[in-house]
Amino acid sequence: MSSRSIYESLQHSVRPARKSVRVAHISRRNFSSTEIASLPRKSTLGHSLRARLLPTKKVIPPRLPTPSVLYYSTTTSNMSSATIESAKRAAAQQAVAENFDPAASHVGIGSGTTIVYVVEAIKERSTNPLIRFVPTGYQSRKVIEQAGLTPISFDSLSEDVMLDIAFDGADEVDEELNCIKGGGACLFQEKLVAEKAKKFICVADYRKNQSRLLTNWPTIPIEVAPIAVPTVLRSLRELGSQNPKLRTTLLEKSGPLKTDQGFFIVDAPFTPLLTSSDVAAGKGKGDGSDGTWEVNRLSQAINQVTGVLEVGIFSGLDGVEAESVRKEGTLQEMGVITGGQKPVAVYFGMEDGSVLVRRAERK
Ligand SMILES: O=C[C@H](O)[C@H](O)[C@H](O)COP(=O)(O)O
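The structure presented is a predicted model; accordingly, all values stated were derived computationally and were not measured.

Caption draft 1: How the structure looks around the overall build of the protein chain. If you tally the helices and strands in the protein chain, you get 12 helices and 15 strands. Put simply, 73% of the contacts in the protein chain that link residues at least 6 apart link residues at least 24 apart. Total accessible area on the protein chain is roughly 17,400 Å²; 52% of this is exposed by carbon and sulfur atoms.

What follows is the structure in structure tokens.
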């Protein structure tokens, strides 16, 4: 098993638990010493896993057979894990084939397990050594470097440079292409990169394709300043979240999971979110007053809470819409447009091996 696979195991196991998911035992018996040694020392995930897996004083040889799976679901067999991985790869291949231009100068690269397949597909097609890839965190940078591509830090880009394109995964996507992100604790840098891209292409497997957000994925990930956690939890409850929780690492004694910014993640459940069409159709006010939230309204409400760095809802405009508003509108009318957060297209790898492409509707 490679260090990426170990990372994936850990990443999955620290995500908010869905009803059917149980986290299985992770022990050093699951890994060879070379694999453990290859884990990154500086990332939170790598560090926690190394701390857990590296021998302390004395290593007692295992007497029992080693379990072959690290995490499992009561509904997800090994066969369907393989189906999910093939779905991710198929979606990534098609998304890159249809959208990656080898003549691009700057390309944003998201985080997570699906993006690995995107980078693999880009590597196969990338003939231009001058392309710079903008990572969205530690894991993203490592994936870029390991593919032999050249990363460039987000903060070294000049103000007026726009990325030609950004690719990223998602935890859930609704009918209007609003996304939940941050299941792997990356969302702030992903939002910066999505907003700086002319277009954001999302790549995901079939489980993420839902008509409304919070259908299958249980919570909204929110990046929070450590000192503000209690007050943010309280504000989230006031907004209607039943039981928002601070995300911890696998090792409870290691405390809360830290993001690339050294912040914490709070996972906040809400009832399934309305789309803007639902509100227009009178299915609820969507402002929280009647217990319903529309995606964009909830994102804004959470972002207004002091102590919140960013919320894992990607909503509002996409890159193409943001650009046209910027060109046509006046600043007074539109306020400040930082960029588009929503994808212009989402590539879902399906269970049957096909790829479903959902594109932003243009009026
Ligand atoms: O925090 C992680 C990012 O938002 C990921 O893009 C998202 O969680 C999807 O990850 P994966 O591709 O592993 O499902």
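Additional details are given in the paragraphs that follow.
Caption draft 2: Up close: helix H8 (residues 229-239). Regarding H8, the residues found buried are Val229, Val232, Leu233, Leu236 and Leu239. Here the buried residues of H8 occupy an arc of 120 degrees about the axis, which is enough to place them on one side. Set apart from the buried face of H8 by more than 90 degrees, the exposed residues are Pro230, Arg234 and Glu238. On its buried side, H8 packs onto strand S9 (220-224), strand S10 (245-246), strand S11 (264-268), helix H10 (295-303) and strand S12 (308-311). Positive phi appears at glycine 240, one or two residues downstream of H8, with a value of about 115 degrees.

Caption draft 3: Broad picture of the site of the ligand. If you check the shell around the ligand, you find 18 residues, and the closest are Thr113, Thr114, Asp171, Glu190 and Lys208. Contacts to the ligand include cysteine 186, whose backbone N or O atom sits 2.9 Å from an oxygen atom. Here the ligand has 370 Å² of accessible area as a free molecule, and 99% of this is covered by the chains. Residue composition of the shell around the ligand, grouped by class: three nonpolar, nine polar and six charged.

Caption draft 4: Seen up close, the domain arrangement of the protein chain. Per the domain assignment, the segments of the protein chain are domain 1 (80-210 + 316-359) and domain 2 (220-314). Between the C-alpha centres of domain 1 and domain 2 the distance comes to 22 Å. Contacts between domain 1 and domain 2 engage 25 residues on the former and 23 residues on the latter. Summing both sides of the interface, domain 1 and domain 2 together bury roughly 1,800 Å²; the carbon and sulfur share of this comes to 57%. Linking domain 1 with domain 2 are one salt bridge. When the shortest N-O distance is used, the salt bridge between glutamate 310 and lysine 191 registers 2.9 Å. At the boundary of domain 1 and domain 2, one finds 10 residue pairs in polar contact (both at pLDDT 80 or more).

Reading the values: rules and limits
Residues numbered from 1 in each chain as written. Predicted model: local features only at pLDDT ≥ 70, side-chain atom pairs only at ≥ 80, totals over all residues. Heavy atoms only, no water. Helix = DSSP H or I, 4+ residues; strand = E, 2+ residues; numbered from the N terminus. Contact = heavy atoms within 4.5 Å. Areas by Shrake-Rupley, 256 points an atom, 1.4 Å probe, with all protein chains shown as cover. Buried < 20%, exposed > 50% of the residue type's maximum accessible area, 1.4 Å probe, protein only. Arc of directions from axis to C-beta. Near = heavy atom within 4 Å. Polar contact = N/O pair within 3.5 Å; in protein donor to acceptor, adjacent residues only side chain to side chain. Nonpolar A, V, L, I, M, F, W, Y, C, P; charged D, E, K, R; others polar. Domains from an automatic or database assignment. Buried area = accessible area lost by both parts, 1.4 Å probe. Salt bridge = Lys/Arg side-chain N within 4 Å of Asp/Glu carboxyl O.

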